[in-house]
Amino acid sequence: MTDQFFPVDRPILRDIVTWSARRIVNGPDPSHGARPAADLEFDLAGSVCASGIGGAEALRRFDQIIVPATRAQDEAMNLAYVAAAPTPAALTFDLAVSAAEIFGGTWETGAGAIAAENQALRWIADLAGFPEEAGGVFVSGGTIGNLSALHAARELARKRRPEVQRWRMATSDSSHSSIAAAAKVMDVDVCWVPGDERYRMTGASLEAAIGDVDDIFAVVATAGTTNAGIIDDLSGIADVCQRRDIWLHVDGALGLAALASSKARSRFAGIERADSFVVDPHKWLFAPYDCCALLYREPAQATAAHAQIAPYLDLIDRGDWNPADYAIHLSRRFRGLPLWFSLATYGTDRYEAAIDKVLETVDEVVAGIRASNELELVDHPDLNVILYRRPDLGDDAMEEWAEAHRRAGTILCLPTKHEGGKVFRLCFINPDTRAEKVLATIVSDMPDPWK
Ligand SMILES: *Cc1c(COP(=O)(O)O)cnc(C)c1O
């Protein structure tokens, strides 16, 4: 087609695909990282101008200026925050999802892709022991997933208890910042539940904190806190929610990936009684950004809260399943398809093995920290986050240590706060992370296995 308004530039198309293929094969450069905005503005000056700079120059800027000023999230020694570890199949297929350009909001436009996404959601629902009718949608991240579930919960509560004037949600003080953010967006109050000696919310602490008032529309339990990987007492909390008829939402953005491991699954006992939960495949289920699975026990409750109604939507064939009806969105890309393709490629057993591999790595690093004279383990981890102290380093020296290793690209391990003091934090999600390599880097009295 030569008469297209925006013609296809075949050489550039090939260069972009080649660039992508190289990146997927070679992986990222761990020495890449953020630069000052003024420098980037200078280097990228004039990219957007009346005549355009052309695809070749734009691609050069992407390769040489833009990407080097970003962090390598999918690098095996990136153990900061929550990194990423998408499979090659998932990353590659993301290109095809983009090229297929399917509108992901409605059955009419996306039926086939919805059927595939729903297979991936079904796998997750089954791991959680959710019923046959359960279902949901892939949203951009845990933040939007949590907010969408909480909105559905409040809509239901409003119908059932119209007399309540001002609503509260209950959550532990270790829950993710997105829960407090959702409360702000929804203009509801938060009943902060103190954790036990291991910072876990329990049924008893929840019951004590909410008292006898009937203004709680949802309890948000965390299955794997971001800072320490701690899992709340989901069973005890589910008992309270059932007795008092309160929606239980479980934020498992990070941790619920470990449902895929039959060895770890029992740590989440009680999840099968939740009304909704989220898990981010872009964190520990080996999918690229951005991808959060949001699941509802009774999807009709979500539709009641989220379905958009308008004359221009009247004629749409809503078929059996409209992703738009389950969260705060209408247009969406099929961000669940890279996960679907990867599951179909490798099989779910391979996913289980990958989670188990990461948990073994955690055990090996824990054992190494315990054996070291230099490091102190903070607590035995519930999941995939290790906190440890290095008493010979002051707070500033800890930051200097982390920065030196970041620059060298050897390890990305950043300090966090725990019990008011600074500790080092390691978050494991990549099955290619090697325990001996981590230990050789974090323990200075450890022999380097590569020397
Ligand atoms: C990461 C995280 C979130 C937020 O998820 P996004 O995908 O970054 O929006 C929410 N809860 C927990 C426990 C998390 O670890």
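Residues numbered from 1 in each chain as written. Predicted model: local features only at pLDDT ≥ 70, side-chain atom pairs only at ≥ 80, totals over all residues. Heavy atoms only, no water.

Participant: For empty space enclosed by the protein, give the residues involved together with the corresponding values.
Facilitator: All chains considered together, the criterion is met by four cavities of 30 Å³ or more. By volume, the largest cavity amounts to about 130 Å³. Forming the boundary of the largest cavity are 14 residues, of which Pro30, Asn78, Arg406, Gly409 and Leu412 lie nearest the centre. Approximately 50 Å³ is the volume attributed to the second largest cavity. Lining the second largest cavity we find Gly105, Thr106, Leu313, Ile316, Arg318, Asn322, Ala324, Asp325 and Leu330. Residues of the lining of the second largest cavity, tallied by class, amount to four nonpolar, three polar and two charged. (1 Å grid on protein atoms, 1.4 Å probe; cavity = no way out; pocket = protein on both sides within 12 Å on 5 of 7 lines; lining within 4 Å. Points joined across faces, edges and corners; volume = space filled by probe spheres on them. Nonpolar A, V, L, I, M, F, W, Y, C, P; charged D, E, K, R; others polar.)

Participant: Describe the layout of surface pockets, listing the residues and the values that go with them.
Facilitator: What the largest pocket holds in volume is close to 970 Å³. Along the wall of the largest pocket there are 31 residues; nearest its centre are Trp19, Arg23, Phe62, Val67 and Leu91. For the lining of the largest pocket, the elements supplying multiple residues, two or more each, are α1 (10-26), α3 (55-66) and α4 (88-100). Per-element accounting of the lining of the largest pocket gives the leading share, eight residues, to α1. Residue classes in the lining of the largest pocket are distributed as 17 nonpolar, seven polar and seven charged. Residue assignment for the lining of the second largest pocket shows that the elements contributing at least two residues are α1, α4 and α13 (348-371). (Helix = DSSP H or I, 4+ residues; strand = E, 2+ residues; numbered from the N terminus.)

Participant: Please set out the pairing of strand β4 (residues 216-222) residue by residue, giving values where relevant.
Facilitator: Burial runs high along β4: seven of the seven residues are buried. Pairing of strand β2 (residues 168-172) with β4 involves four bridges; the strand directions are parallel. From the neighbouring strand, Met169 faces β4, where its bridge partner is Ala218. Examined bridge by bridge, β4 and strand β5 (residues 247-251) share five bridges and lie parallel to one another. (Buried < 20%, exposed > 50% of the residue type's maximum accessible area, 1.4 Å probe, protein only. Pairing = 2+ DSSP bridges.)

Participant: Summarise the sheet that holds strand β8 (residues 376-377); cite the residues concerned and give the values.
Facilitator: Read from one edge of the open sheet, four strands run β8-β9-β11-β10, paired in antiparallel fashion. Each having just a single partner strand, β8 and β10 (414-418) make up the two edges of the open sheet.

Participant: Give a description of the packing of α13 against helix α15 (residues 435-442) that names residues and reports values.
Facilitator: Closest axis-to-axis distance for the α13/α15 pair is 9 Å, and the angle between their directions is 30 degrees. In this structure, α13 crosses over α15, and the sense of that crossing is right-handed. Residue-level inspection shows Thr361, Glu364, Val365, Gly368 and Ile369 of α13 in contact with α15, the latter providing Ala435, Val438, Leu439 and Ile442. Among the residues making up the contact of α13 with α15, the classes are represented as six nonpolar, two polar and one charged. (Axes fitted to C-alpha atoms, helices over the stretch in contact; angles between N-to-C directions. Left-handed = near helix turned anticlockwise from the far one by under 90°. Contact = heavy atoms within 4.5 Å.)

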